[in-house]
Amino acid sequence: MSANSNPLLQTYAQRAAKHSNPAAKLLLETIERKKSNLAISVDVTKSKDFLSIIDSAGPFTHVDILEDFDASLISKLQELSTKHDFVIFEDRKFADIGNTVALQYSSGIHKIASWSHITNAHPVPGPSIITGLSSVGLPLGRGLLLLAEMSTKGSLATGSYTEEAVRMARANRDFVIGFIAQRRMDNVGLVPGAASDGDFLVLTPGVGLDVKGDSMGQQYRTPHEVIVDSGCDVIIVGRGIYKNPDDIPAQAKRYQEAGWTAYLQRLSSKA
Ligand code: BMP
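I will try to describe carefully the structure that is included in this document.

Scoring rules and cut-offs
- Residues numbered from 1 in each chain as written.
- Predicted model: local features only at pLDDT ≥ 70, side-chain atom pairs only at ≥ 80, totals over all residues.
- Heavy atoms only, no water.
- Salt bridge = Lys/Arg side-chain N within 4 Å of Asp/Glu carboxyl O.
- Helix = DSSP H or I, 4+ residues; strand = E, 2+ residues; numbered from the N terminus.
- Buried < 20%, exposed > 50% of the residue type's maximum accessible area, 1.4 Å probe, protein only.
- Core = buried A, V, L, I, M, F, W, Y, C linked by side-chain atoms within 4.5 Å.
- Near = heavy atom within 4 Å.
- Polar contact = N/O pair within 3.5 Å; in protein donor to acceptor, adjacent residues only side chain to side chain.
- Areas by Shrake-Rupley, 256 points an atom, 1.4 Å probe, with all protein chains shown as cover.
- Nonpolar A, V, L, I, M, F, W, Y, C, P; charged D, E, K, R; others polar.

**Some points on the pattern of salt bridges**
Enumeration over the complete set of coordinates arrives at 16 salt bridges. A salt bridge links R184 to D199, with the shortest nitrogen-to-oxygen separation between them at 3.6 Å. Of this pair, R184 sits in the loop between β6 (176–180) and β7 (201–204) while D199 sits in the loop between β6 and β7, and the two are 15 residues apart along the sequence. Across the pair, D199 and R184 agree in class, each one buried. Through salt bridges that share partners, R15, R184, D186, D199, D233 and R266 make up one connected network.

Written out as structure tokens, the structure is:
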């Protein structure tokens, strides 16, 4: 890979200019404009808490765990997305056959495709899951991330499973904009020395500055380990930011600064 095609050596803005998928472009441009590669994961069960966290921080959503979801929540989320200039990523983790995921994505009470710029899917059903989701999302300018790896202890998404996920993504670059993973994926599955072709985004959960995990298998690494050592693009942080309701803006700022500092360090150390 030549220096000027290696995503690790480019700014988010340079990468945005080369992406043709509108959701990938929007995400990279927003990261550059806000100097923030932080995605906040808002896993709460009440709409009031959901909106209040987002108003003080900015989101990555799990609408299916809200007990009091209704359609008005989405217009409020969209208003906040304009007010705070953030991209919406519904972490839906689709995992069914193409026909079913197309319906889950477009319909039901959540109608995710109509408001979420980005969503994600498990590669476990094979390429048909992309066919189903892209039939709905591509005409709307949406983007898909495949879960190529997971942050949890004992995850089965390793080895040839991860390689197949990357192959599926390469064959569907118009809609698959990258991965949920723990490291850079551009070279996965290529023979050693082969030129990598393109720029997949890597959004990485399992990020924490204060603890190494939880009691249910979650594992945390620092923003420096994720962005500098592993070459990922976005840190996804949940409880590290919202677990203390009085401290959300300060923790969001702390993680945003840690993520951005790590990115600047990566750019300068590889120059
Ligand atoms: P927390 O930082 O509170 O552990 O939250 C992490 C978030 O990232 C959760 O919303 C979880 O669903 C998501 N996530 C994860 O933790 N690991 C993965 O491999 C994939 C995820 O989407």
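**Considerations on the nonpolar core**
The tendency in soluble globular proteins is for nonpolar side chains to be buried as a group. In this structure, F50, L133, L146, F179 and L203 are the most contacted members of the largest nonpolar core, which totals 79 residues. Take this core: its biggest share by element is seven residues, from helix α10 (residues 248–270).

**Let's talk about unusual backbone geometry**
Positioned with a positive phi, D85 is a non-glycine residue whose angle comes to about 55 degrees. Looking at where D85 falls in the secondary structure, it is placed in the loop between α4 (71–84) and β3 (89–94). For K111, which is not glycine, the phi torsion reads 45 degrees and is therefore positive. Its place among the elements puts K111 in the loop between α5 (98–106) and β4 (118–121).

**Considerations on the site of the ligand**
Close to the ligand lie 16 residues, the nearest being D43, K93, S151, Y220 and R239. One of the side-chain N or O atoms of D91 is found 3.0 Å from an oxygen atom in the ligand. Here an oxygen atom of the ligand and a side-chain polar atom of Y220 are 2.6 Å apart. Look at the ligand: alone it shows 480 Å² of surface, and the protein chains cover 92% of it. Split into classes, the residues belonging to the shell around the ligand amount to seven nonpolar, five polar and four charged.

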